[in-house]
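# Results of the structural survey
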Amino acid sequence: MSEAVKVENRDGILVLLIDNPPVNALSVSVRKGLHDALDKAKTDNSVKAIVLACAGRSFISGADIREFGKPPQPPGMAEVLDMLENSPRPVVAAIHGNALGGGLETALCCHFRIATKDTKLGLPEVKLGLLPGAGGTQRLPRVVGPVKAVQMIVTGEPINGDEGLKVGLVDGLFEGDPVAAGVEFAKKVLAEKRPLKRVRDDNSKLDAAKKDRTAFNEAAAAANKRNRGLVAPLACAECVAQTLEGTFEEGLAFERKKFLELMNGEQSKAQRYAFFAEREASKVAGVPADTKPRKVDHVAIIGAGTMGGGISMSFANAGIAVTLIELGQEQLDRGLGVMKKNYDATAARGGMSADDVTKRMGLITGKVGLEAATDADLIIEAVFETMAIKKDVFAKLDAIAKPGAVLASNTSYLNIDEIASVTKRPQDVLGMHFFSPANVMKLCEIVRGAKTAPDVLVTAVNIARRIGKIPAVVGNCDGFVGNRMLSARSKQSDKLLYEGALPQQVDAVVTKFGIPMGPFTMGDMAGLDIGWRSRKDRGIKSEIPDALCEDGRFGLKAGKGYYKYEGGRAPIPDPEVEDLISKTLQKMGKTPRKVSDEEILERMVYPMVNEGARILEEGIAARASDIDVVWLYGYGWPIYRGGPMYYADTVGLKHVADRLAAYAKETNDPSLEPAPLLKKLAAEGKTFASLASK
Ligand code: 3H9
């Protein structure tokens, strides 16, 4: 018998207990264990019913994603699921924790399902660029109806046990030990002589939608609404629609075909890479895996501005109380007011209840004066982005914070070591760089100072995950990973205007690639006046944006910038800007040329990759995949393109290096010369992924 499936006969109830940590994925050892046990049970007359349950903290969380793309190892999932579904004895799935993907598909092949109230039942394959490929698209609609099924499958969002009971996905709820509950339920099934229910045989919930598809089509369209460029969601909806077309077997064959197409496609490969990259980023390179985080019970946030407010909301959203500290009552009230308004707006859109708003606001306690941070285990500073102000705050915190408190700065580019230097405890200081809006954006760059202690890093990673953020540990340099690479891109987008490209052309190329917003639209949103003032202070000129600002074109807030705005936030290309650019070039004695879309894309992406290579060489990021995580979750890089470093690997590093060298020459820009690491990997025919993590 396989180690991954423990088999026990309890008075005629055969218990199959899957034990495959960490998440009880359906790896080959599990499939084999189930196959062998079910095969043996066929001829064992003492077996009256079967219970399928899992050890550890969860039921099956899906197929083993690490096996995808490799030669299949028998027995396949379909074979094992057939054995369960066709078992002549009742099979009860007793579910706790998660039943996700192949896990829920397995449960759907059992004749009865019971679950705990808080179990997560879902088919999240779409998030990996896939669709449920073990019958999920055909069985779930037969159980919960096609409307609910298409919502669940296209969005990948799970429901809990309570809702599962309401929609008929589970037959009962239990508390406590899944095996004991499963055995008890199985006995009841036997005592009541309940008929075996095979999901595949019951078409009753499809009938209404077969007669009138309106509700189904509307649900499919609504679920698919926000799928910029992704192929999997549409394929998911198509598979569910098949339940309304033909037989169960035909639907299964259609699902199989579509699943294989997606699994072998570029998008899912990139999405599966992103899944593992995200998890890898939580492991701090160079820190022993058993390093324990410090205890964090009390959290204080300094600064109730946009960032401090967003960070506080992130904690409150995760049910963690924070003390929000400001210098004066007025600033505090203003900050709290903005948060309340944000929550109210979400509630008005149906995103949360009024009760939730009260609960979350109740977790944020406003206080005036830094002394309120005395008891905090973690203090996150989010004050004005000026070194002198940050140093002042940290010197004061050093004097009042309790020993061992973690002191984090939300700086987006300042030197964390310089900030730490004003304290007597630089080992406790690090950066926690959240992205705006902080209550929405997933990324948290954890900036490791020269003296940051390993357990402080682990504490920050841990707490970031607890509040639903995706942490990536980076080193200390100007702009860290994300903003440093963004600067490399901004330099090129600015230069392109002086060569003949227009803002709308550059932005269109960038958005077509899948990034939600182009650099010029982003500039307009941020406001062009800030950069202009800073250039004036430093005596630097940048003719085109300077001319725009001299004309009062400060961006969205002024109703005009690189674009014009007619009341809303939609950027409208403006002939006046074309004219202004053309006149500026004339004045500068420059002749515009036609810049191709291909050149724009390469100059938007490859300089970032080049900077990424420098970042890796300098050890600012430990892994190329960490850089990808920063871009995926902090800057809206399209997940189906894996991240800039992954993308460069797929294009080929030799091509990237050659094009950069050519642009360096053509545009007389030494910053575009390929970085030594990029050159080396290109010459050796290697990829960034081939670099071992340090
Ligand atoms: C599928 O089922 C296809 C079928 O329809 C058809 C097939 C024919 N496989 O996230 P965590 C690893 S597709 C392999 O940190 P948490 C993960 O890499 C699948 N490994 O834990 C990590 O490893 P390490 C559909 C997996 O508690 C460790 O487990 N299912 C898998 O925060 C811990 O993971 C899904 O899409 C897997 N399926 O969250 C669910 N899952 O320690 C995907 C996890 O070495 N999984 N690992 O870094 C999840 O969403 C979360 O892992 C889960 C736990 C919510 C389960």
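Presented here is a report on the structure given in the accompanying data block. Everything quoted here is computed from the prediction, not taken from an experiment.

So, how was this worked out
Residues numbered from 1 in each chain as written. Predicted model: local features only at pLDDT ≥ 70, side-chain atom pairs only at ≥ 80, totals over all residues. Heavy atoms only, no water. Pairing = 2+ DSSP bridges. Helix = DSSP H or I, 4+ residues; strand = E, 2+ residues; numbered from the N terminus. Axes fitted to C-alpha atoms, helices over the stretch in contact; angles between N-to-C directions. Core = buried A, V, L, I, M, F, W, Y, C linked by side-chain atoms within 4.5 Å. Buried < 20%, exposed > 50% of the residue type's maximum accessible area, 1.4 Å probe, protein only. Contact = heavy atoms within 4.5 Å. Parallel < 35°, antiparallel > 145°, perpendicular 65-115°, else oblique. Left-handed = near helix turned anticlockwise from the far one by under 90°. Nonpolar A, V, L, I, M, F, W, Y, C, P; charged D, E, K, R; others polar. Near = heavy atom within 4 Å. Areas by Shrake-Rupley, 256 points an atom, 1.4 Å probe, with all protein chains shown as cover. Salt bridge = Lys/Arg side-chain N within 4 Å of Asp/Glu carboxyl O. Phe/Tyr/Trp six-rings, centres within 6.5 Å; stacked < 30°, edge-to-face > 60°.

## Focus: the sheet that holds strand β10 (residues 299-302)
Adjacent strands of a sheet pair through backbone hydrogen bonds, lying either parallel or antiparallel. Taken in spatial order, the eight strands line up as β12-β11-β10-β13-β14-β15-β16-β17 in an open sheet, and their pairing is mixed. Two strands in the sheet have a free side with no partner beyond their single neighbour: β12 (364-368) and β17 (470-474). The mean inter-strand angle of the sheet, taken between neighbouring strand axes irrespective of direction, is 25°. Taken together, the four bridges between strand β15 (residues 429-434) and strand β16 (residues 443-447) define a ladder with antiparallel strand orientation. Paired with Phe-434 across the two strands is Cys-444, which belongs to β16.

## Things to note about the nonpolar core
By size, the foremost hydrophobic cluster in this structure holds 94 residues, and its most contacted members are Ile-379, Val-481, Ile-627, Trp-631, Trp-637 and Phe-688. Apart from residues no more than four positions distant in its own chain, Trp-637 is found in contact with Phe-513, Ile-515, Val-605, Met-608, Trp-631, Leu-632, Gly-642, Gly-643, Pro-644 and Tyr-647. Core analysis: the second largest hydrophobic core is formed by 70 residues, Cys-109, Leu-169, Val-199 and Ala-241 among them.

## Overview of the packing of helix α4 (residues 136-144) against helix α5 (residues 146-155)
Axis separation between α4 and α5 bottoms out at 7 Å; the angle between their running directions is 135°. In terms of orientation, α4 lies oblique with respect to α5. In this structure, the crossing between α4 and α5 has a hand that is right-handed. Contact residues: Gly-136, Thr-137, Leu-140, Pro-141 and Val-144 in α4; Pro-146, Lys-148, Ala-149, Met-152 and Ile-153 in α5. Across the contact of α4 with α5, the residue classes tally to seven nonpolar, two polar and one charged.

## Points about the packing of helix α12 (residues 266-281) against helix α26 (residues 624-634)
Remark: α12 packs on α26, axes separated minimally by 9 Å, with the N-to-C direction vectors making an angle of 105°. Taken together, the axis directions place α12 and α26 in an arrangement best described as roughly perpendicular. Contact residues: α12 offers Tyr-273, Ala-274, Ala-277, Glu-278 and Ala-281, while α26 offers Ala-624, Ser-625, Asp-626, Asp-628, Val-629, Leu-632 and Tyr-633. Here the residues of the contact of α12 with α26 sort into eight nonpolar, one polar and three charged.

## A few points about the pairing of strand β1 (residues 5-10)
Across six bridges, β1 lies against strand β2 (residues 13-18) in antiparallel orientation. Across the sheet, the residue bridging to Glu-8 is Val-15, located in β2. If you look at the hairpin formed by β1 and β2, you'll find two residues sitting between the two strands, and Asp-11 has a positive phi there, around 50°.

## Brief notes about the site of the ligand
For the ligand, the set of nearby residues contains 28 residues, the closest of which are Ala-63, Glu-105, Glu-125, Arg-279 and Lys-283. Relative to its unbound accessible area of 1000 Å², the ligand is 79% covered by the protein chains. Of all the secondary-structure elements, those providing two or more residues to the shell around the ligand are α3 (102-108) and α12. In terms of residue count, α12 provides more of the shell around the ligand than any other element does, three residues in total. Of the residues that constitute the shell around the ligand, the class distribution is 14 nonpolar, six polar and eight charged.

## Here we look at the pattern of salt bridges
Considering all chains together, one arrives at 57 salt bridges under this definition. The closest approach of N and O atoms between Glu-67 and Arg-31, which form a salt bridge, is 2.9 Å. With a gap of 36 residues between them, Glu-67 in the loop between β3 (49-54) and α2 (77-85) and Arg-31 in helix α1 (residues 28-42) connect regions that are remote in the sequence. Residue classification places Arg-31 among the buried residues on the basis of a relative accessible area of 7%.

## Points about the environment of Ile-50
Checked against the element boundaries, Ile-50 lands in strand β3. In contact with Ile-50, other than residues within four places in its own chain, are Leu-14, Leu-16, Leu-38, Ser-87, Pro-90, Val-91 and Val-92.

## What about the packing of aromatic side chains?
All told, the structure shown has 11 aromatic pairs when counted by the stated rule. A centroid spacing of 5.2 Å and a plane angle of 75° characterise the contact between Phe-513 and Trp-637, whose relative ring orientation is edge-to-face. In this pair, Phe-513 sits in helix α20 (residues 503-513) while Trp-637 sits in the loop between α26 and α27 (644-651), placing the two residues 124 residues apart along the sequence. For the pair shown, Phe-513 and Trp-637 are each scored as buried.

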